[in-house]
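Geometric and topological summary
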Amino acid sequence: MGSKSATERALNYLRRAPRVTLTDVRDNPGARTKGRLVRKKDNMAGQQYNDLRGAGKPPLGWIWGDFYKPWQRIYPGATFFNQDINLRREYPPLSLLELQRLIDLGWLDPSLPIDLTALCNTRQYRCDPSLRQFGVQLTDEGASVFAAKVNLEVQWASETAIAAVERAGGVVTTAYYDPIALTAAVDPLKWFEKGEPIPRRHSPPADLIGYYTDARHRGYLASPPAVEAARSELALKIGYALPDRTDDAQHDMLAARKDPLQVFFGLAPGWVVNLADQTLLKPKNPRLLHYYSGRLDASKDS
Amino acid sequence: MSLLNKVSHLIRSSSVGCVPQCAAFAVQQQQCRGIARIPHWENHIRFDPAVGRKRPSQDVLDRFRRLNNGLWVRAVPGKHTKRYRKTEIWQATSEYYVTCTKEECWMLDKMMTPYWLRQRHYADDPYANYHVRHGIKSPRVDYKGELTRERPKVLIEDSVSEQHFYDR
């Protein structure tokens, strides 16, 4: 150390000296004061601590009297209000006015058959199978102004709505989709991306067989002659002339119906849609063909 | 003498002073309804440990029904008891369902989960006419801006929907 010059020693000292930082300009201790911390018992904001305040509060609906009988418990039981809520089938409604509006604004193409898939692809109408929703319910609001000629497939339709569509020259079919088929129909892209084969539609449950085999409801299981008879019968009942469909340019479109097992137009159950390669994979295994042919329901006992 | 005084003082204090005071205290305790006696399963909103969510009050679900316009419907209390003693007007009116008041509906909504507060549309619903409430001036939307009493229409303005829908 002694051999170094004074300059060198000064530079060494500077090198080891602490740098000037923000901590060098901090306040002296006690220059600023925070809020005074007081003990819990002094910090009650004007409220005294007592048993009532510290106790658990009564539940909602509690009234003075018998603790075990809150307000909502004094009424007689009516379990039928909600007990079968997990079994009821919901049908989110779509009125004729809304359908007309969707067509007028170009969300739906009336030159193609309109089914649940087309309706859900608009993203304006929503149906969620996980909430036990079973498809479209066509209601009759706007029946007086409905003028579109459409081939419509819905899950439930009122008589007035059917009459309004048929008076405009269109066709209505009510069709049942079981929840799995409905999941595929509501969001086809999601179903295809999973790589699962297109499901086959199952037959309706026992309490809906009557509805979907009835020609008056335009059920998809009713025989075509009965449906034709019901069309003319409804036209007589409501009082309008049924348009002639024989020499119609859109006859083929209006005559298009899905197979009772079919979910999508042009695609058979059992096919796999490969979106990446833009290909269709069709089953060849006889057991698969037998399953997707739908004869399983008929020969369940054999 | 001093010993006698001591003994009598003990007797007096034990018989006159202590025992009646304790009895009065006990009676007072019984009369005052202890608010801390709420059973532990009643004094908080129950959460299902399996699901990790609030559970709806089963008492409410067994007795009330929510309509799509937010009203709750209940039966008349006492409709099943001693009907033979009651008037004919009672025989008829006790079969009615009664709507709850605004505050009661608010309270019942708080006992439910969002699943039960959803609008439900069934086919051939016997309550279809009661899901609509006319002539109400309170706001149509809730704090989230969603319609509370009506079904939201697809791409239709109010001026048009008023001409075709009778739900407001």
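Before going into details, it helps to say that this report is about the structure given with it. Per chain, residues are indexed from 1 in the order of the written sequence. The order in which chains are written sets their letters, starting at A; the order in which ligands are written sets their numbers, starting at 1. In view of the model being predicted, local features appear only for residues whose pLDDT reaches at least 70, and side-chain atom pairs are presented and counted only at 80 or more, with totals across whole chains, interfaces and linings using the full set of residues. Each side-chain value is derived from all of the structure's non-hydrogen atoms; neither hydrogens nor water enter the calculation.

What about the overall build of chain A?
- Note on conventions: DSSP H or I runs of at least 4 residues are helices, E runs of at least 2 residues are strands, and numbering of each starts at the N terminus. The helix and strand tally for chain A stands at eleven helices and seven strands.
- Counting only carbon and sulfur atoms, one obtains 55% of the accessible surface of chain A, whose full area is about 18100 Å². Where accessible areas are quoted, they stem from the Shrake-Rupley method and a 1.4 Å probe; at the residue level, only the protein chains shown are allowed to cover.

Observations regarding the sheet that holds strand S5 (residues 97-99) of chain B
Residue and element names in this part refer to chain B.
- For two strands to be treated as a pair, DSSP must find no fewer than two bridges joining them. The strand order across the open sheet built from three strands is S3-S4-S5, with neighbouring strands paired in antiparallel fashion. Looking at strand neighbours, the two that pair on one side only are strand S3 (64-66) and S5, the edges of this open sheet. Strand-to-strand twist of the sheet, defined as the mean angle between neighbouring strand axes without regard to direction, takes the value 30°.
- Relative to S5, strand S4 (residues 72-75) runs antiparallel, the two sharing three bridges. Of the residues in S5, the one forming a bridge with Arg74 is Val98. Here the axes come from fitting lines to C-alpha atoms, over the contacting stretch only for helices, and the angles between their N-to-C directions go from 0 to 180 degrees.

Looking at the packing of helix H5 (residues 159-167) of chain A against helix H9 (residues 224-238) of chain A
Residue and element names in this part refer to chain A.
- Between H5 and H9, the least distance of the axes is 10 Å, while the angle of their chain directions is 100°. One element, H5, and the other, H9, form an angle in the roughly perpendicular class. Facing H5, whose interface residues are Glu159, Ile162, Ala163 and Glu166, H9 presents Arg231, Leu234, Lys237 and Ile238.
- In this count, Pro and Cys sit with the nonpolar residues alongside Ala, Val, Leu, Ile, Met, Phe, Trp and Tyr, while Asp, Glu, Lys and Arg are called charged and the others, Gly among them, polar. Grouping the amino acids of the contact of H5 with H9 by side-chain chemistry returns four nonpolar, no polar and four charged. Angle categories are assigned with fixed cut-offs, so that under 35 degrees is roughly parallel, over 145 is roughly antiparallel, 65 to 115 is roughly perpendicular, and the rest are oblique. The contact rule is simple, with two residues in contact once any of their heavy atoms fall within 4.5 Å.

A look at the sheet that holds strand S4 (residues 156-157) of chain A
All names here are of chain A.
- Spatially, three strands are ordered S1-S2-S4 in an open sheet, and the strand pairing comes out parallel. Each having just a single partner strand, strand S1 (93-95) and S4 make up the two edges of the open sheet.
- Note that strand S2 (residues 137-139) and S4 share two bridges and pair parallel. Across the sheet, the residue bridging to Leu138 is Ala157, located in S4.
- Across the sheet, helix H3 (residues 96-104) lies against S1 and S2, angled at about 70° from S1, the strand it touches most.

Some points on the interface of chain A and chain B
- Residue-level contacts link 47 residues of chain A with 48 residues of chain B.
- In short, buried area is how much 1.4 Å probe accessible area vanishes from two parts on joining, totalled over both. Between chain A and chain B, roughly 4400 Å² of surface is buried when both sides are summed, and carbon and sulfur atoms account for 65% of that area.
- Area buried by chain A at its contact with chain B is led by Trp71, Tyr75 and Phe81 of chain A, which between them contribute 15% of it.
- Salt bridges are identified by distance alone: a Lys or Arg side-chain nitrogen within 4 Å of an Asp or Glu carboxyl oxygen. There are three salt bridges connecting chain A and chain B.
- Note that Asp59 of chain B is salt-bridged to Arg73 of chain A, the shortest N-O span being 2.7 Å.
- We define a polar contact as two N or O atoms separated by no more than 3.5 Å, with the added condition that, inside protein, one atom must be a possible hydrogen donor and the other a possible acceptor, whereas residues neighbouring each other in sequence contribute only through side-chain atom pairs. Taken together, the connections running from chain A to chain B amount to 13 residue pairs in polar contact (both at pLDDT 80 or more).
- Of all elements in the fold, only S1 and H3 of chain A reach the threshold of two or more residues within the side of chain A that touches chain B.
- The dominant element in the side of chain A that touches chain B, judged by the number of residues it contributes, is H3 of chain A, at four residues.
- Residues that form the side of chain A that touches chain B fall into these classes: 26 nonpolar, 13 polar and eight charged.

These figures come from the coordinates and say nothing about function on their own.
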